Amino acid sequence: MSKTDPGRFFEDFRLGQVLVHATPRTVTAGDVALYTALYGPRFSLFSSDEFARACGLAAAPVDPLVAFHVVFGKTVPDISLNAVANLGYAEGRFLAPVFPGDTLAATSEVIGLKENSNGRTGVVYVRTTGTNQRGEPVLSYVRWVMVRKRDPAAVVEGQSVPDLAKAVAPGDLVVPQGLDVSAYDWALAGAPHAFEDYAVGEKIDHVDGMAVEEAEHQMATRLWQNTAKVHFNQFERSKDPSGRRLVYGGVVISTAKALSFNGLQNAGLVLGINGGRHVAPFFAGSTVFAWSQVLDKADLGSIGALRLRLVATKDRPCTDFPNKDGDGVYDPAVILDFDYWAGVPKRG
Amino acid sequence: MSKTDPGRFFEDFRLGQVLVHATPRTVTAGDVALYTALYGPRFSLFSSDEFARACGLAAAPVDPLVAFHVVFGKTVPDISLNAVANLGYAEGRFLAPVFPGDTLAATSEVIGLKENSNGRTGVVYVRTTGTNQRGEPVLSYVRWVMVRKRDPAAVVEGQSVPDLAKAVAPGDLVVPQGLDVSAYDWALAGAPHAFEDYAVGEKIDHVDGMAVEEAEHQMATRLWQNTAKVHFNQFERSKDPSGRRLVYGGVVISTAKALSFNGLQNAGLVLGINGGRHVAPFFAGSTVFAWSQVLDKADLGSIGALRLRLVATKDRPCTDFPNKDGDGVYDPAVILDFDYWAGVPKRG
Amino acid sequence: MSKTDPGRFFEDFRLGQVLVHATPRTVTAGDVALYTALYGPRFSLFSSDEFARACGLAAAPVDPLVAFHVVFGKTVPDISLNAVANLGYAEGRFLAPVFPGDTLAATSEVIGLKENSNGRTGVVYVRTTGTNQRGEPVLSYVRWVMVRKRDPAAVVEGQSVPDLAKAVAPGDLVVPQGLDVSAYDWALAGAPHAFEDYAVGEKIDHVDGMAVEEAEHQMATRLWQNTAKVHFNQFERSKDPSGRRLVYGGVVISTAKALSFNGLQNAGLVLGINGGRHVAPFFAGSTVFAWSQVLDKADLGSIGALRLRLVATKDRPCTDFPNKDGDGVYDPAVILDFDYWAGVPKRG
């Protein structure tokens, strides 16, 4: 029997199936340095042990998106190796901060299966949980992907589509244990904008643009042991109409999030992921721009939370906030529409 | 006198000469993160401190190839700065695992010298030993390179060619002290294939392809402080018929090894290097594929060892195992033919 | 009010103003690994904890240029986001070594302001101080940049140009506390050249050439959270006559410094920066070469110091030491002229 793993096809999934993903991963200061080099994030809470200690934490945790990428990467070989498209995210919650030295592992439960009418593909819904070395969950989220069938004639029993929340309820957001922003240093953080200063509906142009190179997105994606072929196999991709390696969507999310510092300096702490859509494929060589809109606000007691919509474009500044029109058709430059909750200190 | 070091030429070597290589190097979690970002390896033993502890080790050691690259890099300024070609490896043995925080240094003994009939070059054989901060050897291997003569008229005394083993004898392989795979977690490791499941002669296509960019191979090579000019000096290389910087052969080995995870998930622990040939030069922009064949098996008691042949190609999938023909002529896509021993847990 | 930070314009600066820069940064082993991967430095003092301990230090400090880049990066959003050009450095002194785990923060005092006669730009002089988590200064230097005015009609009061030293006086150089080179291992360091072996006026060709890729300079610049748009925003740069992203000058300095190992193996410890000029813009794809000249020598007691001029070129080997002519006009290949003090062990 061949030992080569071809990855799962649609008919290989079963409702309720629990997949234990391979390759647990110890997150280190090396990962943080690479994350900084690849995206240039400047949120003080993740940049300085001293700043984090002044906020009640033992040391600087990693950017929550690092935890997301690590956990996501583990799921790829089991879930999306034969994926046609990554369709969406929902109900993402960051449950505990991750510190360098922590080891993350991941499991996924199949919570939905729906064959497409063409009989050649189907949509797989999984709820993935990342845990640390103490078995504590650090992250949970739902993702759905379109996966090829190996055999178009295969019959998949027990299909169902899960009922997913449009947004994580503020009451379900978890503030990192011990976080105390009573002595928050706004100057070191880079801006005086507190929770109280943001208004629902407010739009922020993040101004800066960031070019992405092939070497950068490949390194970023391999760093998380994400093995999806479309990001690396140029020989195969040469046969695609684009002729190009596809940039991992997570690279676009992290690039846009790093750009969002200009205007959201105190909103680096991602607490929840409500949804996200990779509106168009992104290829190396283009420059990413981004803007944000405040969709909602919630007072969590010790801190506030902003529900933010982060829109990224390629090769198009966001001065005029490129968006979708009344019919839901996006400006052709838009590549990402991401909906998340971020914790923000209150002025108090 | 000029302080610029021109590197040694063939007539500068003496049989029995011992070279103390410069720049000891502390290996860190930063190196591990970069190794992951550059190649995407997924072997759990080197990825997770928790997994390594469950296997009896104090923490996750670095991939043995990291130790190899560090030690190899140190030897370049003293041995191969004026090399025409890296001809071969033999008798490589990994003698102790290397952990982040360990400091590696290297020495080489000249064990063979053979001038070529053209009088312009000669072959230098060295046995290199890498040691850690306690002076314990962590790695030993023989390498031979073709080196230019400074003066074609120079006479080199005491020439001789060493008698090298075709393969490291299983009895000479060293299992890392403390390694205990009795509680090995096959699910977290990514596959159930144990030592018993591999048959001599068995071939495995590793399926995936990995493109290599100029920035990636340059970073990978500088990381190990390998200074060979052919990898970095584009101005000079523009005069070469290829017009291209040559990718360090170690980049091809590590790329192919990382790809080998698909089918050899439990065989990441390199114990010995029997031989290796960089069959053809490799340039950035191409995609590396790989396949392996089981050449031999040896029961080492606590674990098993597989003697593996790892063949890498450029821009050619390995579904049909591209090889050399009866006359020893390689398929034109083959770039690497590497022969090594890997430790594999037994099912028990 | 928009939360987007447009950066300061010339009329936003005031003489005596103290700017607290955002985003303190914990320096880690991950940064050291990346610095090694991006430049390939080989100075043993920064490469090996064991070597550094044998020199009286607790562990390997980071290359002083790492501290410089970190501190410089913090100042960019506050000082040079709207800069037309980085004009010069002076009075740079490294005051304490930085070790992985240290957290650096930075403040700058405006010490000079001079409007240009065109009324559209002005020169801002700042003295920047980097401090560690104990509040100890680790680095201090003066930099001056040409900054745009927002409003050409704005009047800037209190203009003055500071009187800056042509070179740091040897008595002001600070030898790292505890440094003891009495047991310095010249073989591990890579060369026997001691302080006594260098003569004022001596020139050294560093021979090697290093190509720089777009991905590399972007990663190097983001690593230090340097946000200057010219390095990253290809979309915007496409409108520039060059059509190219500009490489951060610090990348050229660090590349040339790493190349200087060949001939200055024992002079890695930068103690002071006397001046520096980015003679011409540098773009990715070219190969950097470098040569050095000994400008002065000073005996600091426990060690010596060399005042060195480091000249870097693009796509031109430095065998004949490309320089400026009698009129101060540089060879067109020269991109950097950097003047610094380096500590060097004495033979004793």
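Residues numbered from 1 in each chain as written. Chains lettered and ligands numbered in written order. Predicted model: local features only at pLDDT ≥ 70, side-chain atom pairs only at ≥ 80, totals over all residues. Heavy atoms only, no water.

### As for the overall build of chain A
When you go through chain A residue by residue, the secondary structure sums to 8 helices and 12 strands. Taken over the C-alpha atoms alone, chain A extends approximately 60 × 45 × 35 Å along its principal axes. When the 348 residues of chain A are sorted by exposure, 63% land in the buried category. Pairs at least 24 apart in sequence give 78% of the contacts found in chain A among residues at least 6 apart. Side-chain charges of chain A comprise 34 positive and 38 negative groups, with the mean position of each set lying 6 Å from the other. (Helix = DSSP H or I, 4+ residues; strand = E, 2+ residues; numbered from the N terminus. Buried < 20%, exposed > 50% of the residue type's maximum accessible area, 1.4 Å probe, protein only. Contact = heavy atoms within 4.5 Å. Lys, Arg positive; Asp, Glu negative; His and termini not counted. Charge placed at Lys NZ, Arg CZ, Asp CG, Glu CD.)

### Section: the packing of aromatic side chains
Taken as a whole and assessed by the stated rule, the structure comprises 42 aromatic pairs over all chains. Aromatic pair phenylalanine 68 of chain B and tyrosine 141 of chain B: ring centres 5.1 Å apart, planes at 55 degrees, arrangement tilted. Of this pair, phenylalanine 68 of chain B sits in helix α4 (residues 64-80) while tyrosine 141 of chain B is found in strand β6 (residues 137-148), placing the two residues 73 residues apart along the sequence. Across the pair, exposure class does not vary: phenylalanine 68 of chain B and tyrosine 141 of chain B are buried alike. On the basis of an interplanar angle of 20 degrees and a centroid distance of 5.7 Å, the ring pair of tyrosine 125 of chain C and tryptophan 144 of chain C is categorised as stacked. Within this pair, whereas tyrosine 125 of chain C is found in strand β5 (residues 121-131), its partner tryptophan 144 of chain C is found in strand β6 (residues 137-148), the two being separated by 19 residues in sequence. Just as tyrosine 125 of chain C is buried, tryptophan 144 of chain C falls in that class too. (Phe/Tyr/Trp six-rings, centres within 6.5 Å; stacked < 30°, edge-to-face > 60°.)

### Digging into the relation of the copies chain A and chain B
Mapping between the two copies of the chain is achieved by a rotation about an axis and a shift along the axis. With an RMSD of 0.0 Å, the operation that places chain A on chain B is a rotation of 120 degrees combined with a shift of 0.0 Å along the axis. Expressed as a symmetry operation, the mapping of one chain copy onto the other fits a three-fold axis. Relative to the rotation axis, the C-alpha of glycine 30 of chain A is the closest in chain A, positioned 2.2 Å from it. Taken together, the interface assignments show that only 12% of the residues at the interface of chain A recur at the interface of chain B, consistent with different surfaces on the two copies. (Least-squares fit on C-alpha atoms with pLDDT ≥ 70 in both.)

### Overview of the relation of the copies chain C and chain A
The transform that puts chain C on chain A rotates by 120 degrees and translates by 0.0 Å along the axis, for an RMSD of 0.0 Å. Here only 12% of the interface residues in chain C have copies in chain A that are interface residues too; the copies meet through unlike faces.

### With respect to the environment of arginine 25 of chain C
Within the element layout of this structure, arginine 25 of chain C appears in strand β2 (residues 25-26). Exposure remark for arginine 25 of chain C: the relative accessible area of 4% places this residue in the buried category. Expressed as a C-alpha distance, the spacing of arginine 25 of chain C and alanine 105 of chain C, which sit 80 residues apart in the sequence, is 6.7 Å. For arginine 25 of chain C, the residues in contact, after removing those within four places along its chain, are Thr36, Ser47 and Ser48 of chain A together with Asp31, Val70, Lys74, Asp102, Thr103, Leu104, Leu223, Trp224 and Gln225 of chain C. One polar contact links the side chain of arginine 25 of chain C to the main-chain carbonyl oxygen of leucine 223 of chain C, over a distance of 2.8 Å. (Polar contact = N/O pair within 3.5 Å; in protein donor to acceptor, adjacent residues only side chain to side chain.)

### Describing the interface of chain C and chain A
Listed per partner, the contact involves 32 residues of chain C and 43 residues of chain A. Both faces considered, chain C and chain A share a buried interface measuring about 3,100 Å² in area, 58% of it formed by carbon and sulfur atoms. On the chain C side of the contact with chain A, Lys3, Arg222 and Phe235 of chain C bury the most area, a combined 25% of that side's loss. Our enumeration of links across chain C and chain A arrives at 4 salt bridges. Inspection of the chain C/chain A interface yields 21 residue pairs in polar contact (both at pLDDT 80 or more). Sorting the residues of the side of chain C that touches chain A by element identifies β2, α1 (29-39), α6 (214-223) and α7 (234-237) of chain C as the ones contributing at least two each. (Buried area = accessible area lost by both parts, 1.4 Å probe. Salt bridge = Lys/Arg side-chain N within 4 Å of Asp/Glu carboxyl O.)

### Topic: the pairing of strand β12 (residues 334-344) of chain B
All names here are of chain B. Along β12, 11 of the 11 residues are buried, which leaves the element largely enclosed by surrounding structure. Examined bridge by bridge, strand β9 (residues 269-278) and β12 share 8 bridges and lie antiparallel to one another. In the strand pairing of β12, glycine 272 is matched with tryptophan 341. With 10 bridges connecting them, strand β11 (residues 304-314) and β12 associate as antiparallel partners. Bridge assignment links leucine 310 to a residue of β12, and that residue is phenylalanine 338. (Pairing = 2+ DSSP bridges.)

### A word on the nonpolar core
Membership of the largest hydrophobic core comes to 186 residues, with the highest contact counts inside it found for Leu34 of chain A, Leu34 of chain B together with Leu34 of chain C. Leucine 34 of chain B has contacts with Leu34 and Met219 of chain A, Met219 and Leu223 of chain B together with Ala33, Leu34 and Ala37 of chain C, leaving out every residue within four places of it along the chain. (Core = buried A, V, L, I, M, F, W, Y, C linked by side-chain atoms within 4.5 Å.)

### Topic: helix α1 (residues 29-39) of chain B
All names here are of chain B. Extensive coverage of α1 is indicated by the burial of 9 of its 11 residues. Listed as buried for α1 are Gly30, Asp31, Ala33, Leu34, Tyr35, Thr36, Ala37, Leu38 and Tyr39. For α1, the side-chain oxygen to backbone nitrogen distance between the N-cap and glycine 30 is 3.0 Å, and the N-cap itself is threonine 28.

### Brief notes about the interface of chain A and chain B
Counting residues at the interface gives 32 residues for chain A, matched by 44 residues for chain B. A combined buried area of about 3,000 Å² lies between chain A and chain B, and 59% of that area is made up of carbon and sulfur atoms. Area buried by chain A at its contact with chain B is led by Lys3, Arg222 and Phe235 of chain A, which between them contribute 25% of it. Applying the counting criterion to the chain A and chain B interface returns 4 salt bridges.

### With respect to the layout of surface pockets
Residue and element names in this part refer to chain C. If you add up the space inside the second largest pocket, you get close to 1,200 Å³. For the lining of the second largest pocket, the secondary structure elements donating two or more residues are α4 (64-79), β3 (83-94), β6, α7, α8 (249-259) and β9 (269-278). Classifying every residue of the lining of the second largest pocket by side-chain character gives 25 nonpolar, 10 polar and 11 charged. (1 Å grid on protein atoms, 1.4 Å probe; cavity = no way out; pocket = protein on both sides within 12 Å on 5 of 7 lines; lining within 4 Å. Points joined across faces, edges and corners; volume = space filled by probe spheres on them. Nonpolar A, V, L, I, M, F, W, Y, C, P; charged D, E, K, R; others polar.)

### Observations concerning the side chain of glutamate 214 of chain A
Tracing the chain through its elements places glutamate 214 of chain A in helix α6 (residues 214-223). Setting aside anything within four residues of it in sequence, one finds glutamate 214 of chain A in contact with Arg244, Arg245 and Ala284 of chain A together with Glu213 and Glu216 of chain B.

### With respect to the pairing of strand β6 (residues 137-148) of chain A
All names here are of chain A. When you tally the buried positions in β6, you get 9 out of 12 residues, the bulk of the element. In this structure, strand β5 (residues 121-131) lies alongside β6, joined through 11 bridges in antiparallel fashion. Bridging across to β6, valine 123 finds its partner in methionine 146. In this antiparallel pair of consecutive strands, β5 and β6, the connection spans 5 residues, and glycine 135 shows a positive phi of 80 degrees.

### Regarding the domain arrangement of chain A
Residues and elements named next belong to chain A. Taken domain by domain, chain A holds domain 1 (1-151) and domain 2 (191-348). Here domain 1 meets domain 2 over a buried area of about 3,000 Å², counting both sides, of which 65% is carbon and sulfur. On the domain 1 side of the interface with domain 2, the three residues burying the most area are Tyr39, Phe43 and Tyr89, jointly 26% of the side's total. Between aspartate 63 and lysine 257 there is a salt bridge; the shortest N-O distance is 3.4 Å. (Domains from an automatic or database assignment.)

### Describing the pattern of salt bridges
The full count for this structure, using the stated rule, is 69 salt bridges over all chains. Residue glutamate 214 of chain B is joined to arginine 245 of chain B by a salt bridge in which the shortest nitrogen-to-oxygen separation is 3.7 Å. Of the two residues, glutamate 214 of chain B sits in helix α6 (residues 214-223) while arginine 245 of chain B sits in the loop between α7 (234-237) and α8 (249-259), which places them 31 residues apart along the sequence. Residue arginine 245 of chain B is classed as buried on the basis of its relative accessible area of 5%. Each of Glu213 of chain A together with Glu214, Arg244 and Arg245 of chain C takes part in one network of salt bridges that share partners.

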